[in-house]
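In case you want the letters, here they are:
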Amino acid sequence: QVQLVESGGGLVQAGGSLRLSCAASGRTFSSYCMGWFRQAPGKERDFVAAVTRSGRNPYYTDSVKGRCTISRDVAKNTVYLKMNHLTPEDTAVYYCAASTGFGTPTIPGDYSYWGQGTQVTVSS
């Protein structure tokens, strides 16, 4: 198993930036593809970004392309999501997830382990 703990959320003005972190413990971090999802009130949990075991070939949902960067630091067992040019539409609880699958899964059901989430609120 792997345990995931997100941090870095908060309140930010539109146009601002945040870097979310997800610290992993348990089984070997490099055994998992890692992803970020978000869930706004009353909405489904949506894919944001994912990165392969090697850290190569990150994949993003269209709405964050060019604004977000996902990366992983194997030495620190941590995956990051840097978000720039935030808008109120980015307001949600952001979840980190780990998958034993391959590539960059985009469906929540492809992920076996989840963090507790971190709230991101963007004010206009």
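Note that the structure is a prediction, hence the values are computed from the model and not measured.

Enquirer: Go over the environment of Asp90, please, and point to the residues and values.
Expert: Topologically, Asp90 is positioned in the loop between β8 (78-83) and β9 (92-99). With 14 residues separating them in the primary sequence, Asp90 and Thr104 have C-alpha atoms 21 Å apart. For Asp90, the contacting residues outside a window of four places in its chain are Arg38, Arg67, His85, Val120 and Val122. In this structure the side chain of Asp90 is engaged in a polar contact, spanning 2.9 Å, whose partner is the side chain of Arg38. A distance of 2.9 Å separates polar atoms of two side chains, one belonging to Asp90 and the other to Arg67.

Enquirer: Lay out the state of the cysteines in plain terms, naming residues and giving numbers.
Expert: Under the criterion given, the structure shown has one disulfide. Linked covalently through their sulfurs, Cys22 and Cys96 form a disulfide whose S-S length is 2.1 Å. Its S-S torsion of about -75° marks the bond between Cys22 and Cys96 as left-handed, since a negative value means left-handed. Linking Cys22 in strand β3 (residues 18-26) with Cys96 in strand β9, this pair joins segments that are 74 residues apart in sequence. Across the pair, Cys96 and Cys22 agree in class, each one buried. Here Cys33 stays unpaired: no disulfide links it, and the sulfur of Cys96, its closest cysteine neighbor, is 12 Å away. Of all cysteine sulfurs, the one in Cys96 lies closest to Cys68, which takes part in no disulfide; the gap is 14 Å.

Enquirer: Residue-level account of the pattern of salt bridges, with values.
Expert: Counted under the stated rule, the structure contains three salt bridges. We note a salt bridge from Asp62 to Lys65, for which the minimum N-O separation is 3.1 Å. You can call Asp62 exposed: its relative accessible area is 61%. For Arg67, the salt bridge goes to Asp90, with nearest N and O atoms at 2.9 Å. Note that Arg67 is positioned in the loop between β6 (59-60) and β7 (68-73) and Asp90 in the loop between β8 and β9, a separation of 23 residues in sequence.

Enquirer: For the nonpolar core, give the residues involved together with the corresponding values.
Expert: Formed by 28 residues in total, the largest nonpolar core has its most connected members in Met34, Trp36, Val79, Leu81, Met83 and Tyr94. In this structure Tyr94 touches Glu6, Leu20, Trp36, Phe37, Arg38, Val48, Leu81, Met83, Gly117, Thr118 and Val120, once residues within four positions along its chain are discounted. Counting residues in hydrophobic clusters, the runner-up holds five residues, among them Phe37, Phe47, Ala50 and Ala97.

The rules we used
Residues numbered from 1 in each chain as written. Predicted model: local features only at pLDDT ≥ 70, side-chain atom pairs only at ≥ 80, totals over all residues. Heavy atoms only, no water. Helix = DSSP H or I, 4+ residues; strand = E, 2+ residues; numbered from the N terminus. Contact = heavy atoms within 4.5 Å. Polar contact = N/O pair within 3.5 Å; in protein donor to acceptor, adjacent residues only side chain to side chain. Disulfide = S-S within 2.5 Å. Buried < 20%, exposed > 50% of the residue type's maximum accessible area, 1.4 Å probe, protein only. Salt bridge = Lys/Arg side-chain N within 4 Å of Asp/Glu carboxyl O. Core = buried A, V, L, I, M, F, W, Y, C linked by side-chain atoms within 4.5 Å.

It is worth stressing that arrangement in space is one thing and function is another; only the former is reported here.
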